[in-house]
Amino acid sequence: MLMKATVSGTDVRTGGIALHNLQKRYGSAMAVDEVNLSVSPGEFISLLGPSGSGKTTTLMMIAGFEMPDSGQVLLDKRDITRLPPHRRELGVIFQNYALFPHMTVAENVAYPLRMRRIARVEIEARVRRILDQVHLGAFASRYPHQMSGGQQQRVAIARALVFDPPVLLLDEPLGALDKKLREHLRNEIKTLHKEVGKTMIYVTHDQDEALAMSDRVAVMHEGRIRQVSAPKDIYCRPADLFVAGFVGEVNLIPVKLKSGIVHGPADKILPAQPWSGADRDATLCLRPEHLHLDKRLARSSGGIHGHITGMTFVGDATTLEFRSESGLQLTSKVLNVSSEAMPDVGDPCVASWAANDATILTE
Ligand SMILES: Nc1ncnc2c1ncn2[C@@H]1O[C@H](COP(=O)(O)OP(=O)(O)OP(=O)(O)O)[C@@H](O)[C@H]1O
Ligand SMILES: [Mg+2]
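Rules of the game
Residues numbered from 1 in each chain as written. Chains lettered and ligands numbered in written order. Predicted model: local features only at pLDDT ≥ 70, side-chain atom pairs only at ≥ 80, totals over all residues. Heavy atoms only, no water. Core = buried A, V, L, I, M, F, W, Y, C linked by side-chain atoms within 4.5 Å. Buried < 20%, exposed > 50% of the residue type's maximum accessible area, 1.4 Å probe, protein only. Helix = DSSP H or I, 4+ residues; strand = E, 2+ residues; numbered from the N terminus. Contact = heavy atoms within 4.5 Å. Expected span 1.5 Å × (residues − 1). 1 Å grid on protein atoms, 1.4 Å probe; cavity = no way out; pocket = protein on both sides within 12 Å on 5 of 7 lines; lining within 4 Å. Points joined across faces, edges and corners; volume = space filled by probe spheres on them. Nonpolar A, V, L, I, M, F, W, Y, C, P; charged D, E, K, R; others polar. Domains from an automatic or database assignment. Buried area = accessible area lost by both parts, 1.4 Å probe. Salt bridge = Lys/Arg side-chain N within 4 Å of Asp/Glu carboxyl O. Polar contact = N/O pair within 3.5 Å; in protein donor to acceptor, adjacent residues only side chain to side chain. Pairing = 2+ DSSP bridges. Axes fitted to C-alpha atoms, helices over the stretch in contact; angles between N-to-C directions.

## Side note on the nonpolar core
Formed by 34 residues in total, the largest nonpolar core has its most connected members in Val109 and Ile189. Among the elements of the structure, helix H2 (105-115), helix H3 (120-133), helix H4 (149-161), strand E9 (167-171), helix H5 (179-196) and strand E10 (199-204) are those that each provide at least two residues to this core. Ranked by residues supplied to this core, first place goes to H4 with six residues. Sequence-distant contacts of Ile189, that is, excluding residues within four places in its chain, are made with Phe44, Gln153, Ile157, Pro173, Leu174, Met200, Tyr202 and Met213. Among the nonpolar cores identified, the runner-up in size contains 26 residues, and Val32, Ile45, Leu59 and Ile62 belong to it.

This is how it looks when you write it as structure tokens:
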């Protein structure tokens with residue numbers, strides 16, 4: 001089922017999507033603002049952002065259900081901006097994956113093929129094959145209301161895949177499901193992506209989901225894409241304060257960059273990579289798991305001295321609140337592997353981190 005097209009005897013994978021300066025306004029509100037994005041054939045990319053950030057609108061413009069005010073949508077370098085949805089041949093799973101309630105699973109999945117006037121024998125074979133692929137072979141004659149949310153969701157995936165589109169567009173497909181099922185189906189969709197090799201554009205407001213599933217993540221805010229990077233870089237090297245704050249927990253420390261050195265409150269020099277730009281105000285970003293609090297160093301002269309002001313047990317980890325002598329309030333997250341060196345509320349401590357774990361943002 002791998003999507004390949006043959007051009008002059010060479011195999012060329014299909015399913016590349018490019019968005020050029022896409023813009024969409026509803027009344028005076030800018031829903032999508034100058035969005036540029038290039039998605040490679042076979043890539044899994046997530047659009048991640050808070051509610052109202054323009055994720056669905058962007059996806060609907062790719063699918064053809066919304067028309068941009070300006071800009072272009074290209075599929076394999078072909079301009080499809082003005083094509084109606086059914087002529088784009090893109091599989092779509094909507095935010096509420098509406099199945100036809102009066103049709104069986106098999107009839108639901110066969111629907112896109114019937115619309116394309118495929119022969120009956122061929123339809124039956126294809127429906128059987130795709131239902132097996134999403135592990136629903138035994139459910140063909142059931143009706144949607146006789147199935148769990150997760151099973152219905154897989155029917156929606158099968159229906160979007162059955163006509164073999166090069167690209168699958170998924171809008172919060174796991175949104176309505178409980179946490180455990182989400183995690184299970186997350187892995188199934190990932191496996192399916194590997195098996196069918198299709199381009200997938202996946203909309204979610206769940207950062208864990210986006211980081212766990214994607215080759216790359218595009219973070220959206222107020223209609224704009226703020227950063228497009230591999231999950232690890234989105235998390236460890238956020239491009240701006242919005243991305244830093246939206247994806248995971250973060251300590252934000254106001255600093256001054258002076259002669260390439262990072263100065264925190266009370267002019268204390270903080271660990272960070274040397275800065276090569278001009279002197280200015282900035283923010284140092286540090287993930288809680290990168291902040292080390294050591295009570296054994298409390299008597300030493302170096303480091304950032306302070307006290308533990310709070311402690312929360314969260315199962316696999318403990319969250320520690322720290323207040324430095326200069327008034328800096330920081331959060332540290334420690335895995336509960338050993339309780340030996342764990343400080344307690346009120347304990348004096350020294351805070352430290354590796355220079356490489358700090359990101360300096362100057363916006
Ligand atoms: N048909 C419409 N008419 C008017 N405004 C709209 C319409 N569709 C979307 N909007 C507005 O455009 C903005 C982007 O909406 P969109 O549905 O793309 O957000 P989203 O990122 O998908 O959010 P969610 O996570 O809540 O689904 C929002 O401010 C929304 O209110
Ligand atoms: Mg949406």
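## What to know about H4
For H4, built from 13 residues, the straight-helix expectation of 18 Å at 1.5 Å per residue is met to within 8% by its first-to-last C-alpha distance of 19 Å. Burial analysis of H4 places eleven of its 13 residues in the buried class, the great majority of the element. Within H4 the residues assigned to the buried category are Gly150, Gln151, Gln153, Arg154, Val155, Ala156, Ile157, Ala158, Arg159, Ala160 and Leu161.

## Re the layout of surface pockets
Looking at the largest pocket, its volume works out to about 470 Å³. Around the largest pocket sit 21 residues that line it, and Phe65, Leu90, Pro112, Arg116 and Phe163 are the ones nearest its centre. The set of elements that each furnish at least two residues to the lining of the largest pocket consists of strand E8 (90-93), H2 and H4. It is E8 that contributes the most residues to the lining of the largest pocket, four residues altogether. For the lining of the largest pocket, a count of residues per class yields 16 nonpolar, two polar and three charged. Within this model, the second largest pocket holds a volume of roughly 250 Å³.

## A closer look at the domain arrangement of the protein
Taken domain by domain, the protein comprises domain 1 (4-243) and domain 2 (250-361). Placing a centre on the C-alpha atoms of domain 1 and another on those of domain 2 gives a separation of 40 Å. Tallying the contact residues gives eight residues for domain 1 and eight residues for domain 2. For the domain 1 and domain 2 pair, buried surface summed over both sides reaches about 700 Å², with 50% attributable to carbon and sulfur atoms. Its largest share of buried area at the contact with domain 2, domain 1 owes to Tyr235, Arg237 and Leu241, together 69% of the area lost on that side. Seen at the junction of domain 1 and domain 2, the total is zero salt bridges. Applying the counting rule to domain 1 against domain 2 returns five residue pairs in polar contact (both at pLDDT 80 or more). Of the residues belonging to the side of domain 1 that touches domain 2, the class tally is six nonpolar, no polar and two charged.

## Thoughts on the sheet that holds strand E14 (residues 261-263)
Taken together, the four strands give an open sheet; going across it, the order is E14-E13-E15-E21, and neighbouring strands pair in antiparallel fashion. What marks the edges here is a single partner per strand, and that holds for E14 and strand E21 (359-361). Going from strand to strand, the sheet's axes swing by 45° on average, the running direction of each strand aside. Relative to strand E15 (residues 280-286), strand E13 (residues 251-258) runs antiparallel, the two being bridged by seven bridges. Within the sheet, the bridge partner assigned to Ile253 lies in E15 and is Leu284.

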